[in-house]
Amino acid sequence: MFPFAPAVRVPARDRPRIEVRRPEFDVPEDAPKYFYRGEKGVTALLYALSAVFPDGERMFIEAVRANQDGASDPELRRAIGAFVAQEAQHGRVHEAYNDYAKRRGFDLEPISAGVRRRTAAMRAHLPPVVRLAATAALEHYTALMAELVLGEPAFSEGVDEAHARIWRWHAAEEAEHKAVAFDLLAEVSGSTFVRLRSYAFTSVMFPTLTALHTLHLMSRDGSLTDARAWLGLLRFLFVEPGLVPRVLPGWLDYLRPDFHPWDRDDRELLARFRAGWAAG
Ligand SMILES: [Fe+2]
Ligand SMILES: [Fe+2]
């Protein structure tokens, strides 16, 4: 999948249904502390992401709701309802997961408190359409990460299964609803400038904050000076599975003026997830 290549868009009728699941997860208290293959740095990175989900996703829900009257297409209105329901479930599950992280020595609350302050500032100072453009941009990030979580064998092999199940479920639902904020933004704004301005902003903020949050957790965990933790994290980011090089083509893809999230075909990944989910 190359950037700027002519895309074959999955037609609306062929896109997987946005399915609202209400799962209960129970991660054992004696699961490995460093659940991603024993890697301290990667575990800190994953918890750093989980720390921002509940309040970040509440901001997404608010941004979509604040703009939903602009949706004239009944199909899009239905999709918005499913999007809101899915993100609300993600918030609920990740709040419990973040409590679990605290019991295992990763206190995520200082990070979540920072997210609450920033999203409150966004609500106070940014118009609804800009908050929606930021949501669409961040949803592209989560969709790209979902491709990796669902498609990368390293996420299924060697990762503690109770943790992996939460990450795969969230990834699958991000893939299912990846076009909702984007399609609503296209209806209420349609401006490539508005879309890409927020993308530029989030492309600086999201990786920077994620790096700072990861460093904070590594520091609290005492692994900031642990060479093995760093090697494992750098390997994860750049070599195997190589988050950065794997995500980069998809990052560039969003810059195309005619980009649409379903130019990236996740149907096979989702079909595989659904088969595994149904099997328990
Ligand atoms: Fe989510
Ligand atoms: Fe989402």
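Because the structure is predicted, anything quoted here is derived from the model rather than measured. Position numbers for residues start from 1 in each chain and track the written sequence from start to end. Written order determines the labels here, with chains lettered from A and ligands numbered from 1. The model is predicted, so local features are restricted to residues of pLDDT at least 70 and side-chain atom pairs to those at 80 or more, both for listing and for counting; the totals for chains, interfaces and linings are taken over all residues.

Undergrad: What is the right way to read the nonpolar core from this model?
TA: Soluble globular proteins tend to pack their nonpolar side chains together in the buried interior. Residues Val64, Leu132, Ala171 and Ala181 are the most contacted members of the largest nonpolar core, which totals 37 residues. Helical segments are the DSSP runs of H or I of at least four residues, strand segments are the runs of E of at least two, and each set is numbered from the N terminus. Counting only elements with at least two residues in this core, the list comes to helix 1 (40–67), helix 2 (74–103), helix 4 (128–151), helix 5 (161–176), helix 6 (180–188) and helix 10 (267–278). Considering every element that reaches this core, the biggest residue donor is helix 4, with 13 residues. Two residues qualify as being in contact provided that their C-beta atoms, derived from the backbone, are within 7 Å of each other. Beyond its immediate stretch of four places on either side in the chain, Ala171 contacts Met145, Ala146, Val149 and Leu150. Buried Ala, Val, Leu, Ile, Met, Phe, Trp, Tyr and Cys residues form a nonpolar core when they are connected through C-beta atoms within 7 Å. Three classes are used. A residue is buried when 20 or more other C-beta atoms lie within 10 Å of its own, exposed when 12 or fewer do, and partly exposed in between, with C-beta atoms placed from the backbone.

Undergrad: Sorry, what's going on with the packing of helix 4 against helix 6 here?
TA: The axes of two packed helices give the description: the angle between them and the distance between them. To get an axis, a line is fitted to the C-alpha atoms, and for a helix only the part in contact is used. The angle between two axes follows their N-to-C directions and goes from 0 to 180 degrees. Helix 6 packs onto helix 4 with a crossing angle of 145 degrees between their chain directions and a minimal axis gap of 8 Å. Crossing of helix 4 over helix 6 shows left-handed handedness. Residue-level contacts link Val129, Leu132, Ala133, Thr135, Ala136 and Glu139 of helix 4 to Ala181, Phe182, Leu184, Leu185 and Val188 of helix 6. Classes in brief: Ala, Val, Leu, Ile, Met, Phe, Trp, Tyr, Cys and Pro nonpolar; Asp, Glu, Lys and Arg charged; the others, Gly included, polar. When grouped by side-chain class, the residues that make up the contact of helix 4 with helix 6 number nine nonpolar, one polar and one charged. Crossings are assigned a handedness: left-handed for a near helix turned anticlockwise from the far helix by less than a right angle, right-handed for a clockwise turn.

Undergrad: What exactly am I supposed to notice about unusual backbone geometry here?
TA: Both trends apply: most residues other than glycine have a negative phi, and most peptide bonds are in trans. With an omega dihedral of 0 degrees, the bond running from Glu240 to Pro241 counts as a cis peptide bond. Note that Pro241 resides in the loop between helix 8 (227–238) and helix 9 (243–253). Of note, the phi angle at Arg37 is positive, near 50 degrees, even though the residue is not glycine. By the secondary structure assignment, Arg37 is in the segment before helix 1. In this structure Arg37 comes out as partly exposed when scored by C-beta crowding, with 16 C-beta atoms within 10 Å.

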